[in-house]
Amino acid sequence: MTTPRPETLAKLTPVLTKRWLSPDAWRIGTYEQLDGYAALRKALKAHPDDLIQLIKDSGLRGRGGAGFPTGLKWGFIPQGDGKPHYLVVNADEGEPGTCKDLPLMTHDPHALVEGVIISSYAIRANRAYIYIRGEAVHAARRLRNAVQEAYDKGYLGRNILRSGYDLELVVHSGAGAYICGEETALLDSLEGFRGQPRLRPPFPATHGLYASPTVVNNVGTIASVPPIVLGGADWWKTMGTEKSSGPMIYSLSGRIVNPGQYECSMGVTLRELLELAGGMQPGHNLRFWTPGGSSTPLLAAEHLDVPLDFEGVAAAGSILGTTATQIFSDQDCPVYATYRWLEFYHHESCGKCTPCREGNYWMVRVYRRILAGQGTHEDLDTLLDTCDNILGRSFCGLGDGATSSVTSSLKYFKQDYLDYIEGRTAPKLSDKQLVGAH
Ligand SMILES: Cc1cc2nc3c(=O)[nH]c(=O)nc-3n(C[C@H](O)[C@H](O)[C@H](O)COP(=O)(O)O)c2cc1C
Ligand code: SF4
């Protein structure tokens, strides 16, 4: 195990995670003692437009994967249109490897609740929803409890802190479908329909929940709002890089000594994160990793010093995504890992569009064939051709994301595929698991 050097420890910037280890951090009393609801008091004295400007100035970008500028998104909400406005928090967190929103809601639910109230006030919404994935029972309980505590204290409901502002907040549990994390599928699901993506335009900013102006933001995005209100845009920008400001929760999993959440300034490198996490497990050497979950192209050991911000990861040919850093070693097989991810995408494909529904179905079969030692060289062309027909031709990002590990593993680890096909690696799947592969 490696002990982090002081200069690497200094990369830790606990802002969203700062209360997580406090006793009873999820209770309103603890939250209030640790700055809780101070930002709300400050925000309610400001004009909503000034809050939107503050978030624009901070450079905050969405933490849900795409990194869209949050202030800009809020600015798209038409004002004075006479329609109800909604804030919907995306707490579905379904991307494999991602584990930042659930611990935040479990340990510090009031950070999200306070963020919801300030953000709703800024966009002039009187009703907000937190859509949380169905399996996250514990986090949902903590969240519902926090919402009730906030109502009891007058932070939610009518005439919040005598400001004249009203807000109702509903915590809604989904049924546990990855596609319901896609924002328009989420809105359909929230309205009671089957969760499938909607055609855009129109965008949620004008035609979102119940065809009304709606902001959909990730948990981490909304929980970043109270610290920005308290600390100011300039303080926020002291962390991170010019175009990727602020801290980010990196969730590290896999072959490392101390998996978990590490909140660092954006632009930290995997080399530094590994040092913070105690290094690779004994006997394991880094071979491949995902910078932002399984929908982002794999990177290899040569990318240890890539700055993990939106621009740095893009320049290295991948995507920052949800900063779900899954770490694999020389004892892991990139072909098998890709197969397991594809099984996931195939299972979670909502079936609305042909490239994703059919493409993932067939790619799973090709992988089974290769892993059973019955693959051919043409199979590799078939995989690339199928990816070509899915990427950019699918109705939503699920299809695009499914191709990431396929194309990137073929780019960096083609030899591993050839070893199965040419018989140098023993088959990982049996004939029985091959059903339907031909
Ligand atoms: C298949 C799919 C699943 C997604 N799952 C999530 C999710 O679980 N949580 C999330 O915040 N965003 C998810 N997104 C991204 C959302 O569509 C949307 O961009 C995000 O909620 C916007 O919030 P942000 O601007 O705060 O990042 C997903 C996108 C796709 C295509
Ligand atoms: S890409 Fe996949 S998940 Fe998205 S709409 Fe098409 S079938 Fe559904």
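Located above this text is the structure these notes cover.
Presented here is an overview of the structure given in this document. What you are looking at is a predicted structure, and each value in this text was computed from that prediction instead of being measured.

## Considerations on the overall build of the protein chain
- The helix and strand inventory of the protein chain stands at 20 helices and nine strands.
- A globule of 438 residues ought to have a C-alpha radius of gyration of about 22 Å, and the protein chain, at 22 Å, matches this closely.
- Looking at the 438 residues of the protein chain, the share that counts as buried comes to 58%.
- Partitioning the intrachain contacts of the protein chain with sequence separation of at least 6 by distance along the chain shows that 71% fall at a separation of at least 24.

## Thoughts on the packing of aromatic side chains
- This structure, assessed with the given rule, holds 17 aromatic pairs.
- What links up through ring pairs into an aromatic cluster is the set Phe288, Phe328, Trp341, Tyr412 and Phe413.
- The side chain of Arg142 reaches across the aromatic face of Trp26, ending 3.5 Å from its centre.
- Over the face of the ring belonging to Tyr336 we find Lys428, whose NZ or CZ atom lies 5.9 Å from the ring centre.

## So, the sheet that holds strand S3 (residues 168-173)
- With parallel pairing, the four strands of this open sheet are ordered in space as S3-S2-S1-S4. If you trace the sheet from one side to the other, it starts and ends with S3 and strand S4 (214-218), each paired once. Neighbouring strand axes in the sheet, compared pairwise and without regard to direction, differ in orientation by 20 degrees on average.
- Where strand S1 (residues 86-91) and S4 come together, five bridges link them in parallel fashion. Paired with Tyr86 across the strands is Thr214, a residue of S4.
- Set on the sheet, helix H7 (residues 109-123) makes contact with S1, strand S2 (127-132), S3 and S4; between it and S1 the angle comes to about 145 degrees.
- Sheet contacts for helix H8 (residues 137-152): S2 and S3; angle to S3, the most-contacted strand, approximately 170 degrees.

## Focus: the site of ligand 1
- As a matter of local geometry, ligand 1 sits amid 18 residues, with Gly64, Lys73, Asn217, Asn218 and Thr221 nearest to it.
- Here Gly64 contributes a backbone N or O atom positioned 2.8 Å from an oxygen atom of ligand 1.
- Between Gly181 and ligand 1, the recorded distance is 3.2 Å, taken from a backbone N or O atom to a nitrogen atom.
- Coverage of ligand 1 by the protein amounts to 87% of the 620 Å² it exposes when considered alone.
- When atoms are counted within 2 Å of each cavity's grid points, the one that captures over half of ligand 1 is the largest pocket.
- With three residues, the single largest contributor to the shell around ligand 1 is S4.
- Partitioned by chemical class, the residues of the shell around ligand 1 number three nonpolar, nine polar and six charged.

## Quick word on a negative patch on the surface
- A contiguous patch of negative charge, built from Glu378, Asp381, Asp385 and Asp388, is present on the exposed surface.
- Within the secondary structure layout, Asp388 lies in helix H18 (residues 377-390).

## Considering empty space enclosed by the protein
- Taken as a whole and judged by the stated rule, the model has two cavities of 30 Å³ or more.
- Taken as a whole, the largest cavity holds about 80 Å³ of empty space.
- What lines the largest cavity is a set of 14 residues, among which Ser349, Cys350, Cys353, Cys356 and Cys396 lie closest to the centre.
- Of all the secondary-structure elements, those providing two or more residues to the lining of the largest cavity are helix H17 (354-371) and helix H19 (397-412).
- A volume near 70 Å³ is recorded for the second largest cavity.
- In terms of lining residues, the second largest cavity is bounded by Leu16, Arg63, Lys100, Asp101, Leu104, Gly220, Ser224, Pro247, Met248 and Ile249.
- Only helix H6 (101-107) and strand S5 (247-254) provide two or more residues apiece to the lining of the second largest cavity.
- If you tally residues by element for the lining of the second largest cavity, the top one is S5, at three residues.

## Looking at the sheet that holds strand S6 (residues 260-265)
- Pairing is mixed across the open sheet formed by five strands, whose spatial order is S6-S5-S9-S7-S8. In this open sheet, the two strands that pair with only one neighbour each are S6 and strand S8 (299-300).
- Across four bridges, strand S7 (residues 286-290) lies against strand S9 (residues 324-329) in antiparallel orientation. By the bridge assignment for S9, Trp289 is matched with Ile327.
- This element, helix H16 (residues 334-348), spans S7 and S9 of the sheet and lies at about 20 degrees to S7.

Cut-offs applied
- Residues numbered from 1 in each chain as written.
- Chains lettered and ligands numbered in written order.
- Predicted model: local features only at pLDDT ≥ 70, side-chain atom pairs only at ≥ 80, totals over all residues.
- Heavy atoms only, no water.
- Helix = DSSP H or I, 4+ residues; strand = E, 2+ residues; numbered from the N terminus.
- Rg over C-alpha atoms; globule rule 2.2 N^0.38 Å.
- Buried < 20%, exposed > 50% of the residue type's maximum accessible area, 1.4 Å probe, protein only.
- Contact = heavy atoms within 4.5 Å.
- Phe/Tyr/Trp six-rings, centres within 6.5 Å; stacked < 30°, edge-to-face > 60°.
- Lys NZ or Arg CZ within 6 Å of the ring centre and 35° of its normal.
- Pairing = 2+ DSSP bridges.
- Axes fitted to C-alpha atoms, helices over the stretch in contact; angles between N-to-C directions.
- Near = heavy atom within 4 Å.
- Polar contact = N/O pair within 3.5 Å; in protein donor to acceptor, adjacent residues only side chain to side chain.
- Areas by Shrake-Rupley, 256 points an atom, 1.4 Å probe, with all protein chains shown as cover.
- 1 Å grid on protein atoms, 1.4 Å probe; cavity = no way out; pocket = protein on both sides within 12 Å on 5 of 7 lines; lining within 4 Å.
- Sits in = over half its atoms within 2 Å of the grid points.
- Nonpolar A, V, L, I, M, F, W, Y, C, P; charged D, E, K, R; others polar.
- Patch = residues over 30% accessible without salt bridge, like charges linked within 9 Å, V, L, I, M, F, W, Y side chains within 5 Å.
- Salt bridge = Lys/Arg side-chain N within 4 Å of Asp/Glu carboxyl O.
- Lys, Arg positive; Asp, Glu negative; His and termini not counted.
- Charge placed at Lys NZ, Arg CZ, Asp CG, Glu CD.
- Points joined across faces, edges and corners; volume = space filled by probe spheres on them.

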